[in-house]
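# Structural characterization, general
What follows is each chain in one-letter form.
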Amino acid sequence: MIGKLKQNLLVACLVISSVTVFYLGRHAMECHHRIEERSQPGGILPLSALGGSMRTTLRTGQNLSTPFIYNKDMPLIFIGGVPRSGTTLMRAMLDAHPEVRCGEETRVIPRILAMKQMWSRSGREKMRLDEAGVTDEVLDAAMQAFLLEIIVKHGEPANFLCNKDPFALKSLSYLAKIFPRAKFVLMIRDGRASVHSMISRKVTIAGFDLGSYRDCLTKWNRAIETMYTQCLEAADKCLPVHYEQLVLHPEKWMRTLLKFLDIPWNDAVLHHEELIGKAGGVSLSKVERSTDQVIKPVNVEALSKWVGKIPADVVRDMAVIAPMLSRLGYDPHANPPNYGRPDPKVLDNTRRVFKGEFQLPDFLKEQSQIQKSAERPNPS
């Protein structure tokens, strides 16, 4: 009896979820189509139709009275990877470019993609959706419209729009299908460093047991394998970037990245910390856990913080727990590892960081203090 009740509840949840996303996608498409009807031929949209910020210029200085075009064929950029792998640093560096806008994590995009994956994996659910006329084509169109509206409207317009939600790249292959001109940046970091960062900074990630290095490394291995495999399959649409190499040699890797994205070079990407909180610059979230780190210039402070912090039994079994370390070029037995020598500018940045020259700006402090207070144990 209880089992039957659980099954009925699960079916009800799936139906409600399906209807909700279908409604949202349909609503987004209707809004999109109404705007197109009012616009000029060719899908040109007036910026007033975008809602949100009423700024007078694009990031590039173009007047907002100039029509702004957005559709599924625009060159979107998706940045992803396992959390604590440098995704925020990467998006901040790209955000410093006058022609690129990434912005904060949306949080809804990976969740809606995960829900779509769940429907696709369930043969019974797919059959029910097909019977209801909610075919793959209908869902794809709804997902396109919904995701595009979120990406476009959660920040200011720019020639290149970018989304940074780490786990969105678990659906890299699907995103490449519904956004044919999109490109993907997969941030890769030594799993030991990623896991130590999430545990030491108490970054809650669904499914990760922050009380166990073994569990977190196992989950890291599974997640990065999923994303890396899809990245390789996407071939010329996906660029893997190792966090360690990005911070050791930022100019080399940013030049490689911008060439891959077909975006002209701009020195601003090497000085993102100078543009934080400025108009057309880098907007940071008061609640994202990486904010206090990306206010600093690119430096090597965090590269080897994990050394000596992982339990001995986990270190001993590392090659078995996380075989992706070797596949990605990391030595699972090296403690500490040799990631390479940093560029002179990075060494200088690191010295300045250790001197305490970079502090959290006042406009980001209030929420940070509230967050810290909330994390303290309740004395009662």
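Provided above is the structure to which this section pertains.
So, here is what we can say about the structure in this document. As the structure is a prediction and not an experimental result, all values here were calculated from the model.

Before going further, it helps to examine the sheet that holds strand 4 (residues 100-101). In spatial order, the strands read 4-5-3-6-7; together these 5 strands make up an open sheet with parallel pairing. Each end of this open sheet is capped by a strand with a single partner; those strands are strand 4 and strand 7 (238-242). Judged from the 4 bridges that link them, strand 3 (residues 77-80) and strand 6 (residues 183-188) form a sheet pairing that is parallel. Counterpart to I79 in the pairing with strand 6 is V185. Sheet contacts for helix 5 (residues 136-153): strand 3, strand 4 and strand 5 (160-164); angle to strand 5, the most-contacted strand, approximately 105°. Relative to the sheet, helix 8 (residues 213-234) contacts strand 6 and strand 7, its axis offset from that of strand 6 by approximately 140°.

A complete count under the given rule lists 16 salt bridges for this structure. One salt bridge connects D130 with K126, and the closest N-O pair in it is separated by 3.1 Å. In this pair, D130 and K126 both sit in helix 4 (residues 123-131), 4 residues apart, roughly one turn of the helix. With a relative accessible area of 34%, D130 lands in the partly exposed category. Classification of K126 by relative accessible area gives partly exposed; the value is 29%. A salt bridge links D136 to K126; the nearest nitrogen and oxygen atoms lie 3.6 Å apart. Of this pair, D136 sits in helix 5 while K126 sits in helix 4; the two residues are 10 residues apart in sequence, bridging distant segments of the chain.

Further remarks concern the packing of helix 3 (residues 108-121) against helix 5. The interhelical angle for the contact between helix 3 and helix 5, taken along N-to-C directions, is 170°, at an axis separation of 11 Å. Comparing the axis directions of helix 3 and helix 5 gives the class roughly antiparallel. Of the residues in helix 5, those touching helix 3 at V108, I109, I112, L113, K116 and W119 are L139, D140, M143, F146, L147, I150 and I151. Here the contact of helix 3 with helix 5 is composed, by residue class, of 11 nonpolar, no polar and 2 charged.

What follows is about helix 7 (residues 191-200). With respect to burial, helix 7 is a largely interior element, 9 of its 10 residues being buried. Every buried residue belonging to helix 7 is among G191, R192, A193, S194, V195, H196, S197, M198 and I199, and all of these are buried. For helix 7, the elements touching its buried residues are helix 8, helix 13 (318-321) and helix 14 (324-327).

Residues N335 and P336 are joined by a peptide bond in cis, for which omega reads 5°. Note that P336 resides in the loop between helix 14 and helix 15 (344-354). The phi torsion at R84 lies on the positive side, around 70°, for a residue other than glycine. Tracing the sequence through the fold places R84 in the loop between strand 3 and helix 2 (87-95). Taking relative accessible area as the criterion, R84 reaches 9% and is therefore assigned buried.

This paragraph deals with the state of the cysteines. Summed over the entire model, instances satisfying the criterion amount to 2 disulfides. Note on cysteine connectivity: C102 is disulfide-linked to C162, with sulfurs 2.3 Å apart. Residues C102 and C162 share a disulfide whose torsion about the S-S bond is about 95°; that sign makes it right-handed. With a gap of 60 residues between them, C102 in the loop between strand 4 and helix 3 and C162 in strand 5 connect regions that are remote in the sequence. With respect to class, C102 is no different from C162; both count as buried. Two residues share a disulfide in this structure: C231 and C238, whose sulfurs sit 2.0 Å from each other.

Scoring rules and cut-offs
- Residues numbered from 1 in each chain as written.
- Predicted model: local features only at pLDDT ≥ 70, side-chain atom pairs only at ≥ 80, totals over all residues.
- Heavy atoms only, no water.
- Pairing = 2+ DSSP bridges.
- Helix = DSSP H or I, 4+ residues; strand = E, 2+ residues; numbered from the N terminus.
- Contact = heavy atoms within 4.5 Å.
- Axes fitted to C-alpha atoms, helices over the stretch in contact; angles between N-to-C directions.
- Salt bridge = Lys/Arg side-chain N within 4 Å of Asp/Glu carboxyl O.
- Buried < 20%, exposed > 50% of the residue type's maximum accessible area, 1.4 Å probe, protein only.
- Parallel < 35°, antiparallel > 145°, perpendicular 65-115°, else oblique.
- Nonpolar A, V, L, I, M, F, W, Y, C, P; charged D, E, K, R; others polar.
- Disulfide = S-S within 2.5 Å.

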